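Commentary on secondary and tertiary structure
Here is what each chain is made of, one letter per residue.
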Amino acid sequence: MLYLNELTLSHFRSHKFSRLHLDGRPVAIYGANGSGKTNILEAVSLFSPGRGMRRASASDMTRRPEALGWKITGTLTRGHRSYAIDIKSENGAARRVDLDEKPIAQTALAALSQVIWLVPNMDRLWTEGAENRRRFLDRMALSFDASHAEASLAYEKAMRERNRLLKDQVRDPHWYRALERQMAQSGCQIHAARLHTLAQITAAQNNADTAFPAADLALDQGQGDMPDTIDDFITALADSRGQDLAAGRTLIGPHRSDMLGRYAAKDIDAKDCSTGEQKALLVSMILANARALAHQTQTPPMILLDEVSAHLDAGRRADLYDEICALGAQAWLTGTGPELFHELGSRAQYISVSDQGGISEITQHEAAAQ
Amino acid sequence: MAQNRDIEDLIDLMAKLPGLGPRSARRAVLHLIRKRGQLLAPLATQMQRLSDTARECLNCGNIGTDDVCDLCTKPDRENGTLCVVEDVADLWAMERASVFKGRYHVLGGTLSALDGVGPDDLRIPKLLDRIITENVSEVILALNATIDGQTTAHYIADQLEHRVTVTSLAQGVPIGGELDYLDDGTITAALNARRKL
């Protein structure tokens with residue numbers, strides 16, 4: 001099992017000093033709006049590679065007005081082993097991670113802890129632009145394979161270089177071919193990882209006994225198909241150069257992919273579903289991601305569910321809590337009041353958060369205070 | 001504060017050197033002044049001499065004190081094999097190993113459209129000239145394994161296709177390296193480039 005059994009936030013956003021003692025059960029956090037609940041979840045999200053669930057910079061996470069920098073300390077238990085992890089930023093500098101008092105690359109966290117999340121701004125995922133759906137899919141892909149981040153960075157870098165050539169109307173074919181080869185190598189890797197992820201999520205949805213609706217998922221390229229092989233992709237990029245020069249940017253590739261979702265049981269597009277149904281589809285995918293990871297690594301990930309109960313009725317909430325407990329995952333849930341977690345009973349630990357003159361105060365409870 | 005304008009100016013200049021900060025620059029300057037007979041004066045003389053004579057080799061881009069550097073003029077270096085590096089520091093690293101006996105070509109950077117660095121800024125046209133004039137049969141691309149380095153390598157390889165043999169340095173386990181300390185990418189490259197024993 002993977003869980004944090006101690007978490008300390010020091011000068012992190014609204015928390016001046018908050019310490020939690022945990023035992024691996026789900027953690028239900030409640031309090032008024034703006035009290036600092038989500039900040040705790042954001043701190044947990046930093047135990048995985050990347051910029052965390054708010055995609056904020058290290059300097060944005062510091063407590064103001066002091067702006068001294070911040071530190072998150074956690075004791076992470078994975079199986080029978082325990083790891084001391086410090087994540088900190090001093091004077092607005094980039095984030096540093098220490099494992100058992102030795103510095104490590106932030107990306108090395110991928111081997112230790114997987115953290116997946118669902119936050120309220122994803123509620124519009126099915127109706128807004130494709131970029132956020134790609135990002136959602138890429139986070140799932142990253143949870144299965146840490147090298148996905150490297151491929152994405154390599155592709156992005158080569159594509160930005162190529163786009164500059166296109167914008168400047170450079171005609172040197174050798175330069176294009178050099179960049180297109182790099183784009184093709186990383187691009188095919190990205191595409192394969194995304195397809196693999198969708199297959200994993202689909203299998204995990206289909207094989208589970210779940211109360212949440214399954215989503216039929218597919219990758220869509222907009223115009224034409226994504227080339228199957230590196231050589232085909234190189235050819236496609238070369239063929240598209242004329243059009244790309246006219247557009248001033250690259251028109252084919254995995255950066256144009258979109259993740260399509262359909263509510264399988266009703267056979268309607270996710271974007272046409274009700275708000276509650278759209279949320280249920282997302283919950284279903286997050287749970288499937290967790291199940292697939294548990295299957296792959298024998299360890300369920302930590303799951304962050306920010307204000308997840310907002311669009312779920314009491315029955316659906318109870319189903320969600322049952323499924324989280326069945327997974328054995330340390331889920332971190334937030335809500336405005338303790339009544340939202342009533343169905344969890346003694347299966348969770350409870351934390352109330354309140355704002356005391358601009359400082360978040362936390363109190364741990366054995367049961368949800370009524 | 002050293003309280004003296006000349007000393008302060010020297011400290012400020014030294015602090016601009018790579019690897020030195022204000023504190024280490026102060027220590028270095030203090031040391032030079034204490035040993036001005038043995039160190040400061042000869043250093044100043046040598047620096048003045050180099051300032052007058054140092055220049056880039058017109059042929060390969062190496063740094064020397066003549067228009068054409070020693071490596072290009074040495075008769076015991078093999079013609080026909082050209083090792084392409086990004087920077088003079090890379091050339092020096094290759095020379096430290098004392099294994100390569102051919103000639104060099106220093107590009108002076110890597111291609112980067114975003115930074116406005118194109119082939120003409122990189123001595124690539126000169127490389128193409130040299131391949132013909134020096135009758136080169138093999139070009140060894142010893143470029144860094146970064147995205148820009150590899151883009152530049154592909155660019156040159158593409159230009160030279162069907163003209164000369166183009167090779168690149170192998171990527172994999174360093175001598176004396178332990179697998180446990182290697183990143184996934186290096187292990188993958190090493191496995192792909194495995195050899196029969």
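Worth saying up front: this structure is predicted, and the values here are computed from it rather than measured.

So, the pattern of salt bridges
- The final tally for this structure, using the stated rule, is 30 salt bridges over all chains.
- Between Asp148 of chain B and Lys157 of chain A there is a salt bridge, with its nearest N and O atoms 2.9 Å apart. Of the two residues, Asp148 of chain B is situated in helix α7 (residues 147-160) and Lys157 of chain A in helix α3 (residues 147-167); the pairing between them involves two chains.
- The shortest N-O distance in the salt bridge between Arg5 of chain B and Asp9 of chain B comes to 3.0 Å. You can see Arg5 of chain B and its partner Asp9 of chain B sitting in helix α1 (residues 5-14), four residues apart, about one turn around the helix.
- You can call Arg5 of chain B exposed: its relative accessible area is 53%.
- Given a relative accessible area of 33%, Asp9 of chain B falls into the partly exposed group.

Details of the interface of chain A and chain B
- Each side of the interface is counted separately: chain A has 15 residues, and chain B has 15 residues.
- Both faces combined, the contact of chain A with chain B buries some 1500 Å², and carbon together with sulfur accounts for 61% of it.
- Contact with chain B buries area across many residues of chain A, yet His174, Trp175 and Gln182 of chain A alone supply 37% of it, more than any other trio.
- The interface formed by chain A and chain B holds two salt bridges in total.
- We note a salt bridge from Arg177 of chain A to Asp158 of chain B, for which the minimum N-O separation is 2.7 Å.
- Where chain A packs against chain B, one counts eight residue pairs in polar contact (both at pLDDT 80 or more).

A look at the packing of helix α6 (residues 124-133) of chain B against α7 of chain B
Residues and elements named next belong to chain B.
- The interhelical angle for the contact between α6 and α7, taken along N-to-C directions, is 35 degrees, at an axis separation of 12 Å. For the element pair α6 and α7, the recorded crossing hand is right-handed. Contacts between α6 and α7 involve Ile124, Leu127, Leu128 and Ile131 from the former and Tyr155, Ile156, Gln159 and Leu160 from the latter.

Notes on the sheet that holds strand β9 (residues 215-220) of chain A
All names here are of chain A.
- Here we have three strands laid out as an open sheet, ordered β9-β10-β11, and antiparallel in their pairing. Bordering the open sheet on either side are β9 and β11 (268-269), each of which pairs with just one other strand.
- For strand β10 (residues 258-263) and β11, the ladder comprises two bridges, and the chain directions are antiparallel. The residue of β11 that forms the bridge with Tyr263 is Ile268.
- Strands β9 and β10 of the sheet are contacted by helix α2 (residues 130-144), whose axis makes an angle of about 85 degrees with β10.

Some points on the sheet that holds strand β5 (residues 138-141) of chain B
All names here are of chain B.
- A sheet is described by the order of its strands in space; here four strands give the open sequence β4-β3-β5-β6, paired in parallel fashion. Each edge of the open sheet carries a strand with a single partner, namely β4 (103-106) and β6 (165-168). Sheet twist, expressed as the average angle between the axes of neighbouring strands with direction ignored, equals 25 degrees.
- On top of the sheet, α6 reaches β3 (81-85), β4 and β5; it is set at about 160 degrees to β4, its chief contact.
- The strands that α7 touches are β3, β5 and β6; relative to β5, the one it contacts most, it runs at about 170 degrees.

What to know about the packing of aromatic side chains
- A full pass over the atoms with the stated rule returns three aromatic pairs over all chains.
- Of note, Lys266 of chain A hangs over the ring of Tyr263 of chain A, and the distance from its end group to the ring centre comes to 5.4 Å.

What about the pairing of strand β3 (residues 27-30) of chain A?
All names here are of chain A.
- Alternating positions in β3 separate into two faces, Val27 and Ile29 on one and Ala28 and Tyr30 on the other, with burial throughout.
- Where β3 meets strand β13 (residues 331-335), four bridges bridge the pair, whose relative direction is parallel. The partner of Ala28 across the bridge, within β13, is Leu333.
- Relative to strand β14 (residues 349-356), β3 is paired through four bridges, and the arrangement is parallel. Its bridge partner being in β14, Ile29 is matched across the sheet by Ile351.

Overview of the domain arrangement of chain B
- Split into domains, chain B comes out as domain 1 (2-53) and domain 2 (74-168).
- One C-alpha centre belongs to domain 1 of chain B, the other to domain 2 of chain B, and the line joining them spans 35 Å.

What about the side chain of Asp158 of chain B?
- Following the sequence through the fold, Asp158 of chain B ends up in helix α7.
- When near neighbours in sequence (up to four residues on either side) are disregarded, Asp158 of chain B contacts His174 and Arg177 of chain A.

Rules behind the numbers
- Residues numbered from 1 in each chain as written.
- Chains lettered and ligands numbered in written order.
- Predicted model: local features only at pLDDT ≥ 70, side-chain atom pairs only at ≥ 80, totals over all residues.
- Heavy atoms only, no water.
- Salt bridge = Lys/Arg side-chain N within 4 Å of Asp/Glu carboxyl O.
- Helix = DSSP H or I, 4+ residues; strand = E, 2+ residues; numbered from the N terminus.
- Buried < 20%, exposed > 50% of the residue type's maximum accessible area, 1.4 Å probe, protein only.
- Contact = heavy atoms within 4.5 Å.
- Buried area = accessible area lost by both parts, 1.4 Å probe.
- Polar contact = N/O pair within 3.5 Å; in protein donor to acceptor, adjacent residues only side chain to side chain.
- Axes fitted to C-alpha atoms, helices over the stretch in contact; angles between N-to-C directions.
- Left-handed = near helix turned anticlockwise from the far one by under 90°.
- Pairing = 2+ DSSP bridges.
- Phe/Tyr/Trp six-rings, centres within 6.5 Å; stacked < 30°, edge-to-face > 60°.
- Lys NZ or Arg CZ within 6 Å of the ring centre and 35° of its normal.
- Domains from an automatic or database assignment.

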